[in-house]
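Descriptive analysis of the structure
Each chain is listed here by its residues.
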Amino acid sequence: MTESKSTPITAEMYDYVLAHNPPLNAAQRDIVELTRQQFPDAAGMQSAEEQGPLLAFLVRLIGARHVVEVGTFTGFSALSMAQALPADGTLIACDVSEEWTAYGREAWEKAGVGDRVELRIAPALETLRAMPAEPHIDLAYLDADKGGYIAYWEELVPRLRPGGLIVADNVLYHGEVADPAATGSALAIRAFNDHVVEDSRMEAVILTVADGVTLARKR
Ligand SMILES: C[S@@+](CC[C@H](N)C(=O)[O-])C[C@H]1O[C@@H](n2cnc3c(N)ncnc32)[C@H](O)[C@@H]1O
C-alpha cells in the first residue's frame, strides 16, 4: 500500500483551516445555521463549510457565467456560486424537493442573487436532457443521488465548454469507496470514479477535501 503524505485533519486542524479560509458571509452563515435548526437530521447533506468558498473561488477562477448544479437542498452551494457569478451570470439549480429548495429561494433572494438562480424541480436527468445540446456550460456541480452521477456526467460533458469544469462531491464516500465490501452509494461512486478516469475528453483530479471532491476539466 502507498504511504499517504496527506496531513490527517483533526478537529483542531479543521478549525484552523476554516479560520484561514475566506469566512462565510452573512447569507452563507444564515443558511448553514437555518438548515441545522430546521433539518437537524438532514443537515449533513449540506456541502461542507469550506466548500462554499472553494466553489466561489472556482467560479471566479474560470470566469464562469453559466453554472449548473445537480442537487441543491437548502441552497448553500448554489448561493456560494451565485454570489461569485457576474451580475448577468446564470445558475440552473436542479432538485426534486420543493420543501428543501424553498429555503434556498429565500436565501438567494435575501442575498440579492435570486435573479441569477433558476430552480428546476424535476429529476435532474430530465432537466439536463432538456438543455441545449451545444457546449455552453462553464461549471457544473454534482451533489445529488450518487447512483445518478455517471448519467449526469454523460449529459454534462458534451454541454461543457472547453476548459469548463465539473466539480463532483462525495467522491471518497466517507472512505467507503476503497472498501472491497462497499455497497449502495459507495459502490456507485466507485463506478463513477472509474468512469471519470477512463474519459479521455476530461482531465480530472481528486482533492481530499471534505468528503472528496473531483475537479474535472474539459480538454
Ligand atoms: C447532498 S444534497 C445537496 C446539498 C447541496 N449541494 C448543498 O450544499 O446544500 C442532495 C440533493 O439532491 C437532491 N436529489 C436527489 N435525487 C435527485 C434527482 N434525481 N434529481 C434532482 N435532485 C435530486 C435531493 O433532494 C437533495 O436536496
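Residues numbered from 1 in each chain as written. Predicted model: local features only at pLDDT ≥ 70, side-chain atom pairs only at ≥ 80, totals over all residues. Heavy atoms only, no water.

1. Some words on the packing of helix α2 (residues 26-38) against helix α4 (residues 76-84)
- At their nearest, the axes of α2 and α4 sit 10 Å apart, and the two run at 175° to each other. Put simply, α2 runs roughly antiparallel to α4. Contacts between α2 and α4 involve Ala27, Gln28, Ile31 and Val32 on the former and, on the latter, Phe76, Leu79, Ser80 and Gln83.
- Partitioning the contact of α2 with α4 into residue classes produces five nonpolar, three polar and no charged. (Axes fitted to C-alpha atoms, helices over the stretch in contact; angles between N-to-C directions. Helix = DSSP H or I, 4+ residues; strand = E, 2+ residues; numbered from the N terminus. Parallel < 35°, antiparallel > 145°, perpendicular 65-115°, else oblique. Contact = heavy atoms within 4.5 Å. Nonpolar A, V, L, I, M, F, W, Y, C, P; charged D, E, K, R; others polar.)

2. Focus on the site of the ligand
- Taken together, 19 residues lie near the ligand, and Ser47, Ser77, Asp95, Ala124 and Asp143 sit nearest.
- For the ligand, a nitrogen atom lies 2.8 Å from a polar atom in the side chain of Asp143.
- Relative to its unbound accessible surface of 610 Å², the ligand loses 88% to contact with the protein.
- Class assignment of the residues belonging to the shell around the ligand gives a composition of eleven nonpolar, five polar and three charged. (Near = heavy atom within 4 Å. Polar contact = N/O pair within 3.5 Å; in protein donor to acceptor, adjacent residues only side chain to side chain. Areas by Shrake-Rupley, 256 points an atom, 1.4 Å probe, with all protein chains shown as cover.)

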